[in-house]
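# Understanding the architecture of this molecule
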Amino acid sequence: IVAAVQQDLGRPEYEAYFELASIAEVDGALKNLTQWAKPQKAKLSIDQWPGSAWIEPQPLGVALIIGPWNYPFSLAISPLVGAIAAGNCAIVKPSEVAPATAAVVATLIRETFDPAFVAVFEGDAATSQALLANKFDHIFFTGGTAIGRIVMAAAAQHLTPVTLELGGKSPCFVTADANLAIAAK
């Protein structure tokens, strides 16, 4: 994973290791899954007494996850962990701009999951467009606003809910007493 990220993005090894944080999410999901899936008692208003109510988590169905180029492993795998933990099937489309990492993601998914439950499709924008022409139960996309609009428009055709992480904004404040060389780096 680290070597693929380095090959695709030219990141130093220590920075490429940040991609591995998504693997820890698997442990967290396994640890918390029983609690997450447990029905929770819900309060009722007095006019509904002596009734009872609860919230019972249910899978949505099939999630489409379109990963970005800038964190090509973690932002493809993290949403997949959540989708699986929620009981969904998933299709992952890794970024074609990070081909070595996309190949690692594809190999990992193909070796780990039955393709009837979790599948991966490598390819360029045409592959993404072909996938978006289908109905999904949820679409998760990380990337820029221009492509986000395309994803949203495709989802609207089927009234598919979406999670869009757009813009890549990383705001910060640099105070007057900051070391400017370090802040700029």
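Residues numbered from 1 in each chain as written. Predicted model: local features only at pLDDT ≥ 70, side-chain atom pairs only at ≥ 80, totals over all residues. Heavy atoms only, no water.

Broken down by element type, the protein chain carries eight helices and seven strands. Across the 185 residues of the protein chain, 31% fall into the buried class. Relative to all contacts within the protein chain whose residues are 6 or more apart in sequence, the contacts with residues 24 or more apart total 58%. Of the accessible surface of the protein chain, which amounts to about 11600 Å², a share of 62% is contributed by carbon and sulfur atoms. Here the protein chain holds 11 positive side-chain charges and 16 negative ones, and the gap between their average locations is 8 Å. (Helix = DSSP H or I, 4+ residues; strand = E, 2+ residues; numbered from the N terminus. Buried < 20%, exposed > 50% of the residue type's maximum accessible area, 1.4 Å probe, protein only. Contact = heavy atoms within 4.5 Å. Areas by Shrake-Rupley, 256 points an atom, 1.4 Å probe, with all protein chains shown as cover. Lys, Arg positive; Asp, Glu negative; His and termini not counted. Charge placed at Lys NZ, Arg CZ, Asp CG, Glu CD.)

Further remarks concern the environment of methionine 152. As for its position among the elements, methionine 152 is in helix 7 (residues 145-157). The contact partners of methionine 152, leaving out residues within four places of it in the chain, are Val162 and Leu164.

Quick look at the pairing of strand 7 (residues 162-166) now. Bridging between strand 6 (residues 138-143) and strand 7 involves five bridges; their strand directions are parallel. Of the residues in strand 7, the one forming a bridge with threonine 142 is glutamate 165. Taken together, strand 6, helix 7 and strand 7 form a β-α-β motif whose crossover is right-handed. (Pairing = 2+ DSSP bridges. Right-handed = clockwise from strand over helix to strand, strands pointing away.)

Another aspect to go through is unusual backbone geometry. Geometrically, the link from tryptophan 49 to proline 50 is a cis peptide bond, its omega value of 5 degrees lying close to zero. On the secondary structure map, proline 50 appears in the loop between strand 1 (40-42) and strand 2 (53-55). In the Ramachandran plot, leucine 159 falls in the positive-phi region, its phi being about 55 degrees despite a non-glycine side chain. Here leucine 159 is to be found in the loop between helix 7 and strand 7.

What follows is about the packing of helix 1 (residues 2-9) against helix 5 (residues 99-112). Two packed helices can be described by the angle between their axes and the distance between those axes. Where helix 1 contacts helix 5, the two axes come as close as 7 Å, and the packing angle between them is 155 degrees. It follows from the interaxial angle that helix 1 and helix 5 lie roughly antiparallel. On helix 5, the residues touching Ala4, Val5, Gln7 and Asp8 of helix 1 are Pro99, Ala100, Thr101 and Val104. Residue composition of the contact of helix 1 with helix 5, grouped by class: five nonpolar, two polar and one charged. (Axes fitted to C-alpha atoms, helices over the stretch in contact; angles between N-to-C directions. Parallel < 35°, antiparallel > 145°, perpendicular 65-115°, else oblique. Nonpolar A, V, L, I, M, F, W, Y, C, P; charged D, E, K, R; others polar.)

The strand order 5-4-3-6-7 describes an open sheet built from five strands, whose pairing is parallel. In this open sheet, the two edge strands, each paired with only one partner strand, are strand 5 (118-120) and strand 7. Across the sheet, the mean angle from the axis of one strand to that of its neighbour is 10 degrees, orientation sign disregarded.

Quick look at the nonpolar core now. Grouped together as the largest cluster of nonpolar side chains are 16 residues, with contacts concentrated most on Ile65, Ile77, Leu80, Val92, Val105 and Ile109. Breaking this core down by element, the ones donating at least two residues are strand 3 (62-66), helix 4 (74-85), strand 4 (89-93), helix 5 and strand 5. Among the elements that take part in this core, helix 4 stands out by supplying five residues, more than any other. Other than its neighbours up to four places away in sequence, isoleucine 65 contacts Leu75, Ala76, Pro79, Leu80, Ala83, Ala90, Ile91, Val92, Lys93 and Phe140. (Core = buried A, V, L, I, M, F, W, Y, C linked by side-chain atoms within 4.5 Å.)

The terminal C-alpha atoms of helix 7, which comprises 13 residues, lie 19 Å apart, in line with the 18 Å expected from a rise of 1.5 Å per residue. Among all positions of helix 7, only Gly148, Val151, Ala154 and Ala155 are buried. Buried residues along helix 7 cover an arc of 125 degrees about the axis, so they all sit on one side. Exposed and facing more than 90 degrees away from the buried side of helix 7 are Ala146, Arg149 and Gln157. Residues of helix 7 that are buried in the fold lie against strand 3, helix 6 (125-132), strand 6 and strand 7. Looking one or two residues past helix 7, leucine 159 carries a phi angle of roughly 55 degrees, positive in sign. (Expected span 1.5 Å × (residues − 1). Arc of directions from axis to C-beta.)

Shape is all these values report; function is a separate question.
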